[in-house]
There are 2 protein chains.
Amino acid sequence: MSIRKGRSVTISDVAEAAGVSRAAVSKVIRNAYGVSPGMRARVETAIEELGYRPSVAARALRGSSYRLGLETPHINARFMGQIMHGAKQAVDGTPYQVILAPADGPEYSTLESLADGLVDGIIAVSPLVDTAWLENLAGRVPVVMLGRHDDPRGYDTVIGDDHAGTRAVMRHLFELGHRRIAHLTEPSPVTAPGSGTPHAIRLEVYRACMAEAGLGHLTHVARRHDNTVPATRAAAELLAAPEPPTAIVAGHDDIALDALDAIVSAGMRDRVAVVGYDNTDLAAHPLIDLTSVDQQGVEMGAQAATMLLERLQGRTEPRHYIATTTLHVRGSSIPPV
Amino acid sequence: MSIRKGRSVTISDVAEAAGVSRAAVSKVIRNAYGVSPGMRARVETAIEELGYRPSVAARALRGSSYRLGLETPHINARFMGQIMHGAKQAVDGTPYQVILAPADGPEYSTLESLADGLVDGIIAVSPLVDTAWLENLAGRVPVVMLGRHDDPRGYDTVIGDDHAGTRAVMRHLFELGHRRIAHLTEPSPVTAPGSGTPHAIRLEVYRACMAEAGLGHLTHVARRHDNTVPATRAAAELLAAPEPPTAIVAGHDDIALDALDAIVSAGMRDRVAVVGYDNTDLAAHPLIDLTSVDQQGVEMGAQAATMLLERLQGRTEPRHYIATTTLHVRGSSIPPV
DNA sequence: ATGAAAGCGCTAACAG
DNA sequence: CTGTTAGCGCTTTCAT
C-alpha cells in the first residue's frame, strides 16, 4: 500500500536496496529454497519500503503468471456465479488468482486469447469446441472443462450428473400426474444428439423418460434461438397450442424464469408447472419459488480450480469429477389441473 | 484455428518462414507504418500457416497487453452485467479485450494485481479506496472509475445521476401518498456521509427529501451487514416494527429483491411498496414487477471503456461522464393502504 | 522499406 | 547460501 510515483519499481531496485542479487529477491518472493533468514528479512524490508510488486508480464514470460482463467459464456450467467465463487474459494490461500474472460461469440477465440500467455491454467465452459482441438490446447496449458461428458486424456472435466438430475425431474412430474410435459431448451447446436453437452443429455433423458412412460407421442421440444426467438416467445408458443403442456421442463433456471414470464403473461400461472435446473439463488425467492435441480455449482467451481492447481503441481493423469444432484421441490411444480 | 503440437510458435518462426526479420513481423501484426504490401502478404500467410499468436506476456513486457481490466465487486452483481456488456460492446472492433477481475475482499489488492502489468487500463467500481491512492495508480496505468462523485485529475469517472434518480423515486412515492418511507441500503462504510459513494448520495437525498416534505421524523434507515445481517433480515425487522413503513426505497435492485422476499414472507405483499435502483433485467419480470431507476448501465460501461481507449490513444485531460436516469414505474410501487 | 540489436523484468541453471 | 549469466518473445530505435 506504499505510494510511489513514476515508473514502477523493479526487482533490481529491490536487490540494490537490500544489497543482494536479483536472483535472491526472486527466490524470496517465490518462497524458493535456499535463502538465509537474514537475507530474507532484508529483502522483505526492501520490498515493503519500495512497495515492490512483481510484474506479471515478466513472470509470465519466464514462467508463471499465477493467474487462472475462467472462460464464462454469458449464457446461463447465474450458474456461472456459483462456479466463480467456488473457484475463488479454492485458490484462496494460494498465490493464484482467478480472472474471468467473458465469451461472447466463438469460444475458440476466447480460449486462445486466454492461452496466449495470460494464464497458467484454464477453466472453461465450452460445450461446442472440438475435442481434438481441446486436447491440443491442453497440451500447451492445463485445462479443466466444465460440463463435458467426454472422456479426454489431456484435460480434466467437471460435470453434473445430468442423467440423474433430469430423471429426478421427470419422476417428480410423473408422480404429480403430469403427462403432457414439454421441454424448453437451448438452440440446436448445444442440444444436438450425441454432442454430449449437458443440455443434449437432459434432452435425451427427457425423451427417454417420456418414451418409457408410454408418453412418447406427447414429447414436445421447444427451443429459444439466439437473437431471434427469446425463450419467452418459445414458451408463449408452447402455451398457445390447442393442447398446451401442463408442465415445462426448462434447460436451466434462466430459461425457467422466461417460461414463468410467459406463463404469467398468458394468465396460466396456476395451470402450468415449471421446473428449472441449477438451483440458482433466485429459485428460492418466494416470488419465483422455482422447483430446480441443484448440481452443486459452487463445489463444481472449487473442484475445477483444485484440479488446475494439481496439474500445475505436476499431475498428468486426467481426473473427472461428477457432482451429485438434488431436486429442490418448490411451488412452481404444481400438479396438473 | 490451425492445430499445432508442442512449444508454441514465436515471432521468430514466422519471420523465418516468411523470410523476413522479426521486426517486420512485429510491424505487420501491429499494423504499423512501413511495410510493403508484398511483405505484408507473405508475413500474413506465414502467420496463418503456422497458427501464430503473439504472446501477451511478451507484448505486455515491452508495450501493451491489449487487455482492459474490469474490477467487479460481487456486490450488486446484476448491475455489473450491464457494465460488462457495454464495455465489451465498446472494445468490439479494436484489438483490445476485456477481462474481469472479481474483487472479493479489499479492493486495493485486486486493483494492484490488475495493475501489475496484466492490463493496459482499468475500469473499477471501488467506492472506498482513497482518492490519492487512486491518483497514484492512475499515474501508472489509465483508470476509469465507476460511481465516484469526486473530481479527480488523474483518472476519468462515469457516474449515474444519483441525485436525480433518487429524487424521482421520492417524488413518485410522495405522489402516491406515502409518508412512512424507509431506506434499505448497504453497510455503513459504503454509505458514510460525505464519502461521495452512490449509496451515500442516495441516502443523503432520501434524508433531504423526507425533511423537505416535513417527514424528517419518519426517516428510517436500515442496512444489511456483510456476513451477519442479510438484507432480507434487515427488511424483516423493518416490517416487524409497530408502525412499519408503507414503502421501502432500496439501494439497488438486489436489495429490493430481498425486501420483496421479506415482504412476501411477512404476508404484506399488497401493503408495502418497494422501489429498486439499476433497473436490472429481473425488474421487468412479471413475477417481480419492480419499480426501479434505470441509470443506463450498458451505456456507462461503454463510456468507461471508450474513455480508457481514448487515454490509451493519448488523452490526458480527465473526462467525467454522467448518465441520466429514468424511473421505470411498475407494480411494486403500490399506494399506501 | 527493411533489418540488426538492445533491452522490458523476471526466473532458472549453474558457479562459486 | 549467494551471485552471475543467459535468455523468455516481443517492440523499438537506429542503421542501412
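Residues numbered from 1 in each chain as written. Chains lettered and ligands numbered in written order. Predicted model: local features only at pLDDT ≥ 70, side-chain atom pairs only at ≥ 80, totals over all residues. Heavy atoms only, no water.

Draft legend 1. Spatial organisation of the relation of the copies chain A and chain B. Expressed as a screw transformation, the operator carrying chain A onto chain B has a rotation angle of 180° and an axial translation of 0.0 Å, and the superposed copies differ by an RMSD of 0.1 Å. Put plainly, the chains are arranged around a two-fold axis. When the interface residues of chain A are mapped onto chain B, 100% of them again lie at the interface, so the same face is used by both copies. (Least-squares fit on C-alpha atoms with pLDDT ≥ 70 in both. Contact = heavy atoms within 4.5 Å.)

Draft legend 2. Fine view of the interface of chain A and chain B. Facing 46 residues of chain A, the contacting portion of chain B comprises 46 residues. If you sort the residues of chain A by the area they bury against chain B, A:Arg53, A:Asp116 and A:Leu287 come out on top, with a joint share of 15%. Across the chain A-chain B interface, the total number found is three salt bridges. Between A:Arg53 and B:Glu112 there is a salt bridge whose closest N-O contact spans 4.0 Å. Where chain A touches chain B, the interface holds 13 residue pairs in polar contact (both at pLDDT 80 or more). Of all the secondary structure elements, the ones that give two or more residues to the side of chain A that touches chain B are α4 (56-62), α5 (77-91), β2 (97-103), α6 (107-115), α7 (131-140) and α12 (253-265) of chain A. (Buried area = accessible area lost by both parts, 1.4 Å probe. Salt bridge = Lys/Arg side-chain N within 4 Å of Asp/Glu carboxyl O. Polar contact = N/O pair within 3.5 Å; in protein donor to acceptor, adjacent residues only side chain to side chain. Helix = DSSP H or I, 4+ residues; strand = E, 2+ residues; numbered from the N terminus.)

Draft legend 3. Molecular detail of the confidence of the model for chain A. Predicted confidence across chain A gives a mean pLDDT of 93, with 97% of residues reaching 70 or more. Note on residues 1-6 of chain A: pLDDT under 50 across the span, and 15 contacts to partners over four residues away in sequence or across chains. (pLDDT = per-residue confidence, 0-100.)

Draft legend 4. Representation of the UniProt feature "domain: HTH lacI-type" (unreviewed entry) in chain A. Following the UniProt record, one finds the feature "domain: HTH lacI-type" (unreviewed entry) at residues 9-63 of chain A. Here residues 9-63 of chain A runs as 69% helix and 0% strand, with 20 Å between its end C-alpha atoms. (UniProt positions renumbered as here; feature names shortened; annotations may be inferred.)

Draft legend 5. Geometry of the protein's contact with DNA strand D. The environment of DNA strand D is formed by 27 residues, the closest being A:Ser36, A:Arg62, B:Ile11, B:Arg30 and B:Tyr52. Per the 4 Å cut-off to the protein, sugar and phosphate atoms form 59% of the nearby atoms of DNA strand D. One nitrogen or oxygen atom from the side chain of B:Ser26 is found 2.8 Å from a phosphate oxygen belonging to DNA strand D. The separation between a phosphate oxygen of DNA strand D and a polar main-chain atom of B:Ser55 is 3.0 Å. Of all the secondary-structure elements, those providing two or more residues to the surface near DNA strand D are α2 (22-30) and α4 of chain A together with α2 (22-29) and α4 (56-62) of chain B. (Near = heavy atom within 4 Å.)

Draft legend 6. Spotlight on the protein's contact with DNA strand C. Residues in contact with DNA strand C amount to 28 residues; listed here are only the nearest, A:Ile11, A:Arg30, A:Tyr52, B:Ser36 and B:Arg62. Within 4 Å of the protein, atoms of DNA strand C come from sugar and phosphate in 64% of cases. The contact in question runs from a base nitrogen of DNA strand C to an N or O atom on the side chain of B:Arg22, over 3.4 Å. Contact between DNA strand C and B:Ser36: a phosphate oxygen at 2.6 Å from a main-chain N or O atom of the residue. Elements with a contribution of two residues or more to the surface near DNA strand C: α2 and α4 of chain A together with α2 and α4 of chain B. Tallying contributions element by element places α2(A) first for the surface near DNA strand C, with five residues. Broken down by class, the residue content of the surface near DNA strand C amounts to 14 nonpolar, six polar and eight charged. (Nonpolar A, V, L, I, M, F, W, Y, C, P; charged D, E, K, R; others polar.)

Draft legend 7. Spatial organisation of helix α12 (residues 253-265) of chain B. All names here are of chain B. For α12, which comprises 13 residues, the first-to-last C-alpha distance of 18 Å matches the rise-based estimate of 18 Å (1.5 Å per residue) to within 8%. Regarding α12, the residues found buried are Asp 253, Asp 254, Ile 255, Ala 256, Leu 257, Ala 259, Leu 260, Asp 261, Ala 262 and Ile 263. Buried residues in α12 make contact with α5 (77-91), β6 (181-185), α11 (231-240), β8 (247-250), β9 (273-277) and β10 (291-294). Immediately downstream of α12, the backbone of Gly 267 shows phi near 70°, a positive value. (Expected span 1.5 Å × (residues − 1). Buried < 20%, exposed > 50% of the residue type's maximum accessible area, 1.4 Å probe, protein only.)

Draft legend 8. Examining the domain arrangement of chain A more closely. Taken domain by domain, chain A holds domain 1 (11-54), domain 2 (67-160 + 297-323) and domain 3 (162-295). Once you take the C-alpha centre of each, domain 1 of chain A and domain 3 of chain A turn out to be 59 Å apart. (Domains from an automatic or database assignment.)

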